Amino acid sequence: MEENVFGITLPLARDDVKIIWYLLFNSALAYFVNLTNFLVTKHTSALTLQVLGNAKGAVAVVVSILIFRNPVSVTGMLGYTLSFGGYSTVKPRNEANETQPTCKIGIYVVSFSARTSIMF
């Protein structure tokens, strides 16, 4: 953490009152990002959240290239190409499988799907 945060922030707030609104807006955005992450994990799975994080990174790279003209290494471009290619290959295959594989372990039935559930 930055040393003497309050010593830096208070003079800025006295000079420009808008900094308080910027901090409040930033805090609200951070709260809603965390809430969204929680809700995505609750209604889907942690894997979905990870895939969305990878997609967000790839979109940020594309925007960075197109708008800001930032250079991208060949390794980075290859990684995001593999990420998009893997997602686009697995997604149609999962949609084609209409039945969910299940596994009986004693009295437990485990259903393997996009959202793995355990039924008793």
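Computed from a prediction, not measured in an experiment: that's the story for all the values here.

Quick notes on the rules
Residues numbered from 1 in each chain as written. Predicted model: local features only at pLDDT ≥ 70, side-chain atom pairs only at ≥ 80, totals over all residues. Heavy atoms only, no water. Helix = DSSP H or I, 4+ residues; strand = E, 2+ residues; numbered from the N terminus. Buried < 20%, exposed > 50% of the residue type's maximum accessible area, 1.4 Å probe, protein only. Contact = heavy atoms within 4.5 Å. Areas by Shrake-Rupley, 256 points an atom, 1.4 Å probe, with all protein chains shown as cover. UniProt positions renumbered as here; feature names shortened; annotations may be inferred. Phe/Tyr/Trp six-rings, centres within 6.5 Å; stacked < 30°, edge-to-face > 60°. 1 Å grid on protein atoms, 1.4 Å probe; cavity = no way out; pocket = protein on both sides within 12 Å on 5 of 7 lines; lining within 4 Å. Points joined across faces, edges and corners; volume = space filled by probe spheres on them. Nonpolar A, V, L, I, M, F, W, Y, C, P; charged D, E, K, R; others polar. Polar contact = N/O pair within 3.5 Å; in protein donor to acceptor, adjacent residues only side chain to side chain.

**Q** Would you mind showing me how to read the overall build of the protein chain here?
**A** Tallying secondary structure elements over the protein chain gives four helices and three strands in all. In the protein chain, the succession of α and β elements from N to C terminus is α-α-α-α-β-β-β. The buried share of the protein chain, taken over its 120 residues, is 8%. Long-range pairs, those at least 24 residues apart, make up 17% of the contacts in the protein chain between residues at least 6 apart in sequence. Accessible surface computed for the protein chain: about 10,300 Å², of which carbon and sulfur atoms make up 67%.

**Q** What am I meant to see in the UniProt feature "transmembrane region" (unreviewed entry) in the protein chain here?
**A** Within this structure's numbering, the places UniProt gives as "transmembrane region" (unreviewed entry) are residues 20-40 and 47-68. Here residues 20-40 runs as 100% helix and 0% strand, with 30 Å between its end C-alpha atoms. Within residues 47-68, the helical portion is 100% and the strand portion 0%, while the C-alpha atoms at the span's ends are 31 Å from each other.

**Q** So what exactly am I meant to see when it comes to the packing of aromatic side chains here?
**A** Both the distance between ring centres and the angle between the ring planes are used here to describe each pair of aromatic rings. Following the criterion strictly, the structure yields one aromatic pair and no others. Seen in terms of ring centroids, Y31 and F32 are 5.2 Å apart; in terms of plane orientation they differ by 70 degrees. Their pairing is edge-to-face.

**Q** Just checking my understanding: could you explain the layout of surface pockets for this structure?
**A** Gaps left between atoms are located by rolling a probe of water-molecule size over the structure's atoms. Counted as a void, the second largest pocket has a volume near 150 Å³. Of all the elements in the fold, those that place two or more residues in the lining of the second largest pocket are α2 (18-43) and α3 (46-68). A per-class count over the lining of the second largest pocket returns four nonpolar, three polar and one charged.

**Q** Before we go on, may I ask you to explain the side chain of S45 in this structure?
**A** Inspection of the secondary structure assignment puts S45 in the loop between α2 and α3. Looking at S45, its side chain comes within polar contact range of the side chain of T48, at 3.2 Å.

**Q** Looking at this structure, how should I read unusual backbone geometry?
**A** The phi angle of most residues is negative, glycine excepted, and most peptide bonds adopt the trans form. The phi angle at N4 is positive, at roughly 55 degrees, despite the residue not being glycine. Here N4 shows up in the segment before α1 (5-15). In this structure, R69 takes a positive phi of about 60 degrees despite not being glycine. Inspection of the secondary structure puts R69 in the loop between α3 and α4 (74-96). Residue R69 is classed as exposed on the basis of its relative accessible area, which comes to 67%.

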